[in-house]
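# Fold and geometry: a report
Letter by letter, the chains look like this.
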Amino acid sequence: MLPFVAMAIALVGGVVILEVVSFRALERLPSVATEEFPEIDRELLGKFSSFDPELGWVPQPNREKQKDTGDHLPGEEVRSVVTYSTDEYASRVCPAKDRDENADLTISTYGDSYCFCREVDNDETFQHYLASELDTHVANYGGGNYGLDQALMRLKRKYPEDPTDHVFMVVTASSIARILSVWKHYQEFGNILAVKPRYVLENGDLERVESPVDEKEELLDLESKADFLRKYDFHYDHWFKPHFATRPYTTDFLEKGEHLRYAGYTAGKELERRLGRSVPGIDFDQAQTQSALRLERPRVRYHERLFETHESLFDALIREFVDYADEQEFEPVFVMVQQLRYAKYEAEHGPIYGDLMERLDERYDELTTIDMATHLSHADGDVESLYVERGEGGHYSPETNAEIADVLADVVEQRAVVE
């Protein structure tokens, strides 16, 4: 009898251990949610210096920040420390040309982190190269993780203070998901501080839904706003709930082989950090990045479907951009750029936004559109060559930013000829 009891205890103990290990592994997977309302403590809240009650978050003026955007081992030369600096307008600085109130040509850019040019230095942004080419200051009002909605809101708030002749709206295709969001965590698991306003369509007209968070302290108790967040964030029902891990966690963890691979590569990176040296024969950092991209494939397909079901909202935001340009008398240019996860998918399947750019061209005579993917050249079909070698999110390299600047400069010069 005793041996059977011992075996039963051992079996139960093994199951419990396996459940705990599986849950811990699931917590690290970017494609799985394990909590609806993770704890936000005051230490984390204190680091959220970009909080803005109107926009959710926004770069602050007169800041300089050095960030190590890549992974490296102790003692390894750091190749990926970059400097982000903002001026008194909260625009990223433009080393190539200072502001000049009497300039004959003025340009500003709005959008997401690809507009801000994350993962490169101040003098490696496309705005810097564009300013050098056109001999005029180029303002950079990109915001990390912004969608077209927040970029438009920031434009309307900032433009009266910093008007320009040309405004480039630069976003990635992930905007289709971001404009449907009020809390990033429901679609980007773990992004728990990012609560934002959004627009909805009411009888064909844009209606703004303000952020439910007026004071930063309110982020400490987001669960009290659960009804609002679930109602206005499209992704709660359509992405978060289908990817929420439930018991038995072992089943969820073992459901996909990629979960095991990602966990293994993550463990390898931690082992290297503890040893203080690389493990010969495998680049765990690169392997984990590739695994993460594979885990991202379902999200990319999800975004592709969103362009089919919610293009009307995206189009309404573009219409608002064009109308504001007419009201303020500037030249509007809409630029679609690619995140690495989209670039790899689209190289095989075509743009996830279909013929959106062509349709925008047909609808808005006064709008110039640029599908940047059709302008960028990469070595032997290797789209990864367009992006920084190592880093946090696959942003464009300095060389690619220089190419982008050439494309934008051509648009400005062509507009000048037309006028």
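Conventions we followed
All chains use their own residue numbering, which begins from 1 and follows the written sequence. Totals for whole chains, interfaces and linings use every residue, but because this is a predicted model, local features are given only for residues with pLDDT of at least 70 and side-chain atom pairs only at 80 or more, for both listing and counting. Calculated side-chain values reflect all of the structure's heavy atoms, with hydrogen atoms and water omitted. Exposed residues in this analysis have more than 50% of their type's maximum accessible area, buried residues have under 20%, and partly exposed residues fall in between, with area computed by a 1.4 Å probe over protein chains only. Counting from the N terminus, the helices are DSSP H or I runs at least four residues long and the strands are E runs at least two residues long. Pairs of strands are assigned from DSSP output, requiring at least two bridges between the strands. Values of pLDDT, which run from 0 to 100, indicate the predictor's confidence residue by residue. Residue contacts are counted whenever heavy atoms from the two residues lie within 4.5 Å of one another. As used here, the term nonpolar core means buried Ala, Val, Leu, Ile, Met, Phe, Trp, Tyr and Cys residues forming a set that is joined through side-chain atoms within 4.5 Å. Grouping into patches uses exposed residues only, defined as over 30% relative accessible area, and leaves out salt-bridged ones; the cut-off is 9 Å for like charges and 5 Å for nonpolar side chains (Val, Leu, Ile, Met, Phe, Trp, Tyr). Under the convention used here, a 1.4 Å probe and the Shrake-Rupley method define accessible areas, while residue burial counts only the protein chains that appear. Whenever Lys or Arg places a side-chain nitrogen within 4 Å of a carboxyl oxygen from Asp or Glu, that contact is recorded as a salt bridge. In this tally Asp and Glu are treated as negative and Lys and Arg as positive; neither His nor the chain ends contributes. Where a charge lies is defined by one atom per residue type: Lys uses NZ, Arg uses CZ, Asp uses CG and Glu uses CD. Given the number of residues in a helix, its expected span is that number minus one, multiplied by 1.5 Å.

Attention now goes to the pairing of strand β11 (residues 368-371). Of the two faces of β11, the one holding Thr368 and Ile370 and the one holding Thr369 and Asp371 are both buried throughout. Inspection of the sheet shows strand β10 (residues 331-337) paired to β11 by four bridges, in the parallel sense. Note on β11: the bridge partner recorded for phenylalanine 334 is threonine 369.

Across the chain, pLDDT averages 92, with 95% of residues at or above 70. Within the model, the stretch residues 71-78 combines pLDDT values under 50 with 14 contacts to residues more than four positions away or in other chains.

Moving on, we get to the nonpolar core. By size, the foremost hydrophobic cluster in this structure holds 71 residues, and its most contacted members are Leu155, Leu219, Phe307, Phe314, Ile318, Phe334 and Met336. Per-element accounting of this core gives the leading share, nine residues, to helix α12 (residues 311-328). In this view, phenylalanine 307 contacts Ala173, Ile176, Phe314, Met336, Ile352, Tyr353 and Leu356; residues no more than four positions away in its chain are not counted. In this structure, Val120, Phe168, Ala343 and Val383 belong to the second largest nonpolar core, which totals 34 residues.

Moving on, we get to a negative patch on the surface. There is a patch of like negative charges on the surface, built from Asp323, Asp326, Glu327, Glu329, Asp365 and Glu366. Checked against the element boundaries, glutamate 329 lands in the loop between α12 and β10. Classification of glutamate 329 as exposed rests on a relative accessible area of 71%.

Attention shifts here to the pairing of strand β8 (residues 198-202). In this sheet, strand β9 (residues 205-209) lies alongside β8 in antiparallel orientation, the contact comprising five bridges. Residue pairing across strands places valine 200 opposite glutamate 207, the latter belonging to β9. Linking β8 to β9, which pair antiparallel, is a turn of two residues; within it asparagine 203 sits at a positive phi near 55 degrees.

With that settled, consider α12. Compared with an ideal rise of 1.5 Å per residue, which puts 18 residues at 26 Å, α12 spans 26 Å between its outermost C-alpha atoms and is within 8% of the ideal. Among all positions in α12, only Glu311, Leu313, Phe314, Asp315, Ala316, Leu317, Ile318, Phe321, Val322, Tyr324 and Ala325 are buried.

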